[in-house]
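What follows is the residue order along each chain.
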Amino acid sequence: MAPLTLSVDAKTSSDASTRKMQHLQQETRKSFASVSMGEEKPFDFFRILFEGVIAGGTAGVVVEMALYPIDTIKTRLQAARGGGKIDFKGLYSGLAGNLAGVLPASAVFVGVYEPAKQKLLKFFPENLSAVAHLTAGAIGGVAASLIRVPTEVVKQRMQTGQFTSAPDAVRLIVSKEGFKGLYAGYGSFLLRDLPFDAIQFCIYEQLRIGYKAAARRDLNDPENAMIGAFAGALTGAITTPLDVIKTRLMVQGPADQYKGIFDCVQTIVREEGPPALLKGIGPRVLWIGIGGSIFFGVLESTKRMLAQRRPLQNQNSKQD
């Protein structure tokens, strides 16, 4: 009977090994690479939302503090008409007020993006995971735009020397232009940021999926940062013309030099030539490339730390 027992044990071991290999292959093919949570049991919307808010807010603040001067130079390059000179003083002008908007905006974006992404990945087949990432990025962008646009208007008006403090900027914009002045260029902002958010996060997520499948392991922080830098730089270059249009519309103030998006494009091309639509592309690609590296590196690191705290909290609650 001993040989039979050995045979059965060997077969059982072989079946278990096969199942394990199939499980590993399925894990490799999973399409939500950015969240390292292991087996997701029931969909916990509020936990995913909370962790996304914390991780997104943290990443957004770190990026803004590190790269604000590059963003200021980019804005001044884009706002200068013709051969206007660029002032390199006060590169941190408007930082404090901008952080007050970046923190909630980044928190809202990632807080909405993460649960939307996971829900959409369950809805779409695996071969259409890119559509889920694109859609989730656009949804997150719409939600965050309600905070981002007023923040961006105030920041860029201060960066171009129109105001010296964020409270004064808000008060004077509202008094002269009405509340809608805080949403100047909202259409152009969505025209730029919705494609930007969708494309950047889609590229990032898809690259992580491919990298993770090739490496057959979770990615470390430098690898996440490298992928984030590439996704950010590429997306930044593609969307530079949209950013120029958005900047011109936001900083024009009550002068109303441009009557809308199409009039802005036509005026820029007619008066300054098509290359003007690529103004600031160098600082923008540098800023967003480095920013993508920092943002996604901090984002994944923060999400991982929050995920590691989860079992401890569960254990403590059970003991209580």
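Just above, that's the structure.
Described in the following lines is the structure provided in the data block. Along each chain, residue indices are assigned from 1 in the same order as the chain's sequence is written. The predicted origin of the model limits local features to residues at a pLDDT of at least 70 and limits the giving and counting of side-chain atom pairs to 80 or more, whereas totals for whole chains, interfaces and linings rest on all residues. With hydrogens and water excluded, all non-hydrogen atoms of the structure serve as input to the side-chain values.

**Some details on the nonpolar core**
1) Next: Core analysis: the biggest nonpolar cluster contains 25 residues, and Phe109, Phe201, Phe295, Phe296 and Leu299 have the highest contact counts within it.
2) Next: A run of H or I in DSSP counts as a helix once it spans at least four residues, and a run of E counts as a strand once it spans at least two, with each numbered from the N terminus. Of all the elements in the fold, those that place two or more residues in this core are α2 (45-79), α3 (95-123), α4 (129-159), α6 (186-215), α7 (221-238) and α10 (281-319).
3) Next: In terms of residue count, the dominant contributor to this core is α3 (six residues).
4) Next: Apart from the residues within four sequence positions on either side, Leu299 is in contact with Ala55, Gly56, Ala59 and Val110.
5) Next: Definition used in this section: a nonpolar core is a set of buried Ala, Val, Leu, Ile, Met, Phe, Trp, Tyr and Cys residues joined via side-chain atoms within 4.5 Å. The rule is simple: take the accessible area with a 1.4 Å probe, protein chains only, and divide by the maximum for that residue type; under 20% is buried, over 50% is exposed, in between is partly exposed. Membership of the second largest hydrophobic core comes to eleven residues, among which are Val154, Met158, Ala166 and Met250. In this description, contact between two residues means that some pair of their heavy atoms is separated by no more than 4.5 Å.

**A word on the packing of aromatic side chains**
1) Next: Only rings of Phe, Tyr and Trp enter the pairing, Trp through its six-membered ring, and a pair is recorded when the two centres are within 6.5 Å. The plane angle decides the type: under 30 degrees is stacked, over 60 is edge-to-face, the rest tilted. According to the stated counting rule, one finds eleven aromatic pairs in the structure shown.
2) Next: Residues Phe201 and Phe295 carry aromatic rings whose centres are separated by 6.4 Å and whose planes lie at 80 degrees to one another, so their mutual orientation is edge-to-face. A residue pair is termed long-range when its members are at least 10 positions apart, and Phe201 in helix α6 and Phe295 in helix α10 qualify at 94 residues.
3) Next: On the basis of relative accessible area, Phe201 is assigned to the buried category, the value being 5%.
4) Next: The structure contains a cluster of three or more aromatic residues connected by ring pairs, namely Phe109, Tyr113, Phe201, Tyr204, Phe295 and Phe296.

**Observations concerning the environment of Ile290**
1) Next: Its place among the elements puts Ile290 in helix α10.
2) Next: Sequence-wise, Ile290 and Gly228 are 62 residues apart; in three dimensions their C-alpha atoms are separated by 8.5 Å.

**Let's talk about the packing of α3 against α4**
1) Next: Their axes nearest at 8 Å, the elements α3 and α4 cross at an angle of 165 degrees. As far as their axial angle goes, α4 and α3 are roughly antiparallel. Seen along the crossing, α3 lies across α4 with a hand that is right-handed.
2) Next: Nonpolar residues are Ala, Val, Leu, Ile, Met, Phe, Trp, Tyr, Cys and Pro. Charged residues are Asp, Glu, Lys and Arg, and all others, Gly as well, are polar. Tallied by class, residues from the contact of α3 with α4 come to 16 nonpolar, nine polar and three charged. The axes are straight lines fitted to the C-alpha atoms, using for helices just the contacting stretch, and the angles between their N-to-C directions are given from 0 to 180°. Roughly parallel here means an angle under 35 degrees, roughly antiparallel means over 145, roughly perpendicular means 65 to 115, and every remaining angle is called oblique. What makes a crossing left-handed is the near helix being turned counterclockwise from the far one by less than a right angle; a clockwise turn instead makes it right-handed.

**What about helix α5 (residues 166-177)?**
1) Next: Helices are assigned an expected span. That span is 1.5 Å times one less than the residue count. Under the 1.5 Å per step criterion, the end-to-end length of α5 is 16 Å for twelve residues, consistent within 8% with the ideal 16 Å.
2) Next: Taken as a whole, α5 has its buried residues at Ala166, Ala169, Ile173 and Glu177. For α5, the buried positions fall inside an angular range of 55 degrees around the axis, keeping them on one side. Residues of α5 that are exposed and angled more than 90 degrees away from the buried face: Pro167, Arg171 and Ser175.
3) Next: For α5, the elements touching its buried residues are α3 and α4.
4) Next: One or two positions beyond α5, positive phi appears at Gly178, with a value near 80 degrees. The directions considered for the arc run from the helix axis to the C-beta atoms.

**Considering the side chain of Thr239**
1) Next: Along the polypeptide, Thr239 turns up in the loop between α7 and α8 (240-251).
2) Next: Classification of Thr239 as buried rests on a relative accessible area of 2%.
3) Next: When neighbours within four sequence positions are excluded, Thr239 is seen to be in contact with Arg192, Phe196 and Arg284.

**Some words on unusual backbone geometry**
1) Next: Phi angles above zero are rare outside glycine, and Arg216 is one such case at about 55 degrees.
2) Next: Mapped onto the elements of the fold, Arg216 is located in the loop between α6 and α7.

**So, α6**
1) Next: Across its 30 residues, α6 extends 42 Å between first and last C-alpha, which sits within 8% of the 44 Å expected from 1.5 Å per residue.
2) Next: Two residues or fewer past α6, Arg216 is found with a positive phi of approximately 55 degrees.

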